[in-house]
Amino acid sequence: MRIMHISLGGCLSAPPVKYGMTEDTGGHIAYVLGAAMAQAKLPETEEVTIVTRLFDAPELGAVFAQAEEEIAPKCRVVRLASDRAEYLEKGDLVGELPSLQNALLETLEAMGAARPDVIHAHFADAAELALAARERFGIPVLYTAHSLGAEKLAPGEAPSAKLKARIARETRALAEADAIIASSRDEVERQIPKLVPATEGRAHRIGPGVCVEEQGDAARARQMLGGFLRDVSKPIILAIARPIRKKNLRRLVDAYAADPTLQERANLVIIAGLRDGLGQGCSERDAVIADLFDGVDRQDLWGKVALPRQHSAQDIGDLYALAAEGGVFCNPAFHEPFGLTLIEAAQAGVPLVATQSGGPSDILPELGFGALIDPYNTASLSRGLRNVLMAPERDLAARRAQRIARQTYDWTAWAMRTHAVMQGVVRNPQGQTVDVHQHEHLL
């Protein structure tokens, strides 16, 4: 089988990826790369192509202006040029969709008999291209939303014109895709039916894997943090997230500041993307970073909180290893569609405290240890962190959760279950797909 993924936003390249280098270079790129490389290893797979957008931004890397890039055996990236040459944030890509669609159709036309058997679109902008390809060439379409615009709305809040247009594109993608691949039960049972009720038989919950493979070194992490923290021997509360408001990182600082017990027992380490300094030109990123610094400074937390500017993939593994030594991983987002970093942390042996909104409400009960918190309530967050840090038999429970995480979230298993879905849509395009639920890990 020949498979094509389409993922247009962010900086997608061969690993290692500098996650957080732009606002849109986040978990969905880890998902696409992990999925594609796992599929390429299956004997049933002839080729996997990842289609993304070509742009010229030397400060981000020369590779993104390269039309093709090998990722792994049987796996490559193809970059499509659009009308504008510069890097664009995800919200600005809508205007490029017509030229990207034309570029994709021309690429597929030139491929002839080597065209993909199925296209997997990531986000609704990619689905626009995939559905156009289906109309022209009859190639069936899988769709993964990753996050839905409707989930950004507070109760009773009306969407802006821009968000309303996004929701309309997502609704069309959900309604017209031959099959939907989702990561969590919340997506399949609540989020998707809220937009398109008639998805039964097409929406499949298939848990992804993680891409952190190397064992971390806690001693290296302590050395990395030595310039920030007075006492690096303490356990850490670790958060890793892009510096955007929905990740709710300031509330984590406030929860830590409000609880003397937390400050006594642990340091707080927040990895909020990559930055060369303050004032990077993106208003939301700058505002979030400034707010974090304000929270630390206003509440006299220097020496107890680390906000590193730069990090490598190895640094992340090292920080997970350090957090496993008596610490905790925290995701306080207002809404988290799934939470790949939660799985990374759990597979490294770190217990979790996470928002009750979205994917974590599936993950934590499945792992059997951790705390779900109300992301709008600072006291709930403080209490969750304290309860997990001080839990009786914490280490035993964390090791048990680690075993479950490693067994449940695996890219090879994802690839095999998704292959069954792909076989179904190839046999029955725009019809009923095969039932793979007996293969899925269900709560």
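Residues numbered from 1 in each chain as written. Predicted model: local features only at pLDDT ≥ 70, side-chain atom pairs only at ≥ 80, totals over all residues. Heavy atoms only, no water.

Enquirer: Sorry if this is basic, but what is going on with the overall build of the protein here?
Expert: Counting its secondary structure elements, the protein contains 15 helices and 14 strands. Taken against the 2.2 N^0.38 rule, which gives 22 Å for 443 residues, the C-alpha radius of gyration of the protein at 21 Å falls within 12% of a compact globule. Oriented by its inertia axes, the alpha-carbon framework of the protein measures out at about 65 × 45 × 45 Å. Contacts spanning at least 24 positions in sequence make up 70% of the contacts within the protein whose residues lie at least 6 apart. A total accessible area of about 17,800 Å² is found for the protein, and carbon and sulfur atoms account for 50% of it. Separation of charge centres in the protein, based on 48 positive and 57 negative side chains, amounts to 3 Å. (Helix = DSSP H or I, 4+ residues; strand = E, 2+ residues; numbered from the N terminus. Rg over C-alpha atoms; globule rule 2.2 N^0.38 Å. Contact = heavy atoms within 4.5 Å. Areas by Shrake-Rupley, 256 points an atom, 1.4 Å probe, with all protein chains shown as cover. Lys, Arg positive; Asp, Glu negative; His and termini not counted. Charge placed at Lys NZ, Arg CZ, Asp CG, Glu CD.)

Enquirer: How do you make sense of the sheet that holds strand E13 (residues 352–355) when you look at a structure like this?
Expert: Within a sheet, neighbouring strands are paired by backbone hydrogen bonds and run either parallel or antiparallel to one another. Taking strand neighbours across the sheet as the criterion, the six strands line up as E11-E10-E9-E12-E13-E14 in an open arrangement whose pairing is parallel. With one partner strand each, in any of the chains shown, strand E11 (305–306) and strand E14 (371–373) form the two edges of the open sheet. Where strand E9 (residues 236–240) lies against strand E12 (residues 328–331), two bridges are found, and the strand directions are parallel. Looking at the pairing, Ile 237 lines up with Val 328 of E12. Along the sheet, helix H10 (residues 313–323) contacts E9, strand E10 (267–271) and E12; its crossing angle with E9, the most-contacted strand, is approximately 145 degrees. (Pairing = 2+ DSSP bridges. Axes fitted to C-alpha atoms, helices over the stretch in contact; angles between N-to-C directions.)

Enquirer: Would you mind showing me how to read the packing of aromatic side chains here?
Expert: By convention here, two paired aromatic rings are described through the distance between centres and the angle between planes. Evaluation of the coordinates by the stated rule reveals nine aromatic pairs. Measuring from ring centre to ring centre gives 5.8 Å for Tyr 31 and Trp 414, while their planes differ by 85 degrees; the resulting arrangement is edge-to-face. Here Tyr 31, found in helix H1 (residues 27–40), pairs with Trp 414, found in helix H15 (residues 411–427); they are 383 residues apart in sequence, far enough to count as distant. Just as Tyr 31 is buried, Trp 414 falls in that class too. When the ring of Phe 55 is compared with that of Phe 64, the centres are 5.1 Å apart and the planes differ by 15 degrees; the resulting orientation is stacked. Accessibility classification places Phe 55 together with Phe 64 in one group, the buried group. Through a chain of ring-to-ring contacts, three or more aromatic side chains come together here, namely Tyr 31, Trp 411 and Trp 414. Sitting over the face of the ring of Phe 123, Lys 90 holds its NZ or CZ atom 4.0 Å from the ring centroid. (Phe/Tyr/Trp six-rings, centres within 6.5 Å; stacked < 30°, edge-to-face > 60°. Buried < 20%, exposed > 50% of the residue type's maximum accessible area, 1.4 Å probe, protein only. Lys NZ or Arg CZ within 6 Å of the ring centre and 35° of its normal.)

Enquirer: Mind showing me how you'd approach the environment of Ser 357 here?
Expert: Among the secondary structure elements, Ser 357 is positioned in the loop between E13 and helix H12 (360–367). Accessibility expressed as a relative area gives 22% for Ser 357, which makes it partly exposed. On a C-alpha basis, the gap between Ser 357 and Leu 372 in space is 8.7 Å, while along the polypeptide they are 15 residues apart. With residues up to four places along the chain from it excluded, the contact list for Ser 357 reads Phe 334, His 335 and Glu 336.

Enquirer: Explanation requested: the pattern of salt bridges in the structure shown.
Expert: Side chains carrying opposite charge are able to pair once their charged atoms draw close together. Inspection of every chain in the model, using the stated rule, returns 27 salt bridges. Of the charged contacts in the structure, one is a salt bridge between Asp 254 and Arg 250, with a shortest N-O distance of 2.9 Å. Of this pair, Asp 254 and Arg 250 both sit in helix H7 (residues 249–257), four residues apart, which is roughly one turn of the helix. The exposure class assigned to Asp 254 is partly exposed, which follows from its relative accessible area of 23%. Overlapping salt bridges, with partners in common, bring together Arg 250, Asp 254, Asp 291, Asp 294 and Arg 298 in one network. (Salt bridge = Lys/Arg side-chain N within 4 Å of Asp/Glu carboxyl O.)

Enquirer: Help me understand the environment of Ala 313 in this model?
Expert: Its location among the elements puts Ala 313 in helix H10. Judged by its relative accessible area of 56%, Ala 313 falls in the exposed class. Through-space distance from the C-alpha of Ala 313 to that of Val 17 is 7.9 Å; in sequence the pair is 296 residues apart.

Enquirer: Explain the pairing of E12 to me, please; I cannot follow it from the model alone.
Expert: Along any regular strand, the residues point their side chains to alternate faces of the sheet. The two faces of E12 match: Val 328 and Cys 330 on one face and Phe 329 and Asn 331 on the other face are all buried. Of the pairings in the sheet, the one linking E12 to E13 comprises three bridges and is parallel in character. Within E13, the residue paired with Asn 331 across the bridge is Ala 354.

Enquirer: Any chance you could explain the sheet that holds strand E7 (residues 179–182) here in plain terms?
Expert: One open sheet holds the eight strands; their spatial order is E3-E4-E2-E1-E5-E6-E7-E8, and the pairing between them is mixed. At either margin of the open sheet sits one strand with a lone partner, and together these are strand E3 (68–72) and strand E8 (203–205). The mean inter-strand angle of the sheet, taken between neighbouring strand axes irrespective of direction, is 25 degrees. Direction of pairing for E3 relative to strand E4 (residues 75–80): antiparallel, over a ladder of four bridges. Counted as the bridge partner of Glu 68 is Val 78 from E4. The strands touched by H1 are strand E1 (2–6), strand E2 (47–53), E3, E4, strand E5 (118–122), strand E6 (141–144) and E7; relative to E2, the strand with the most contacts, the crossing angle is about 160 degrees.

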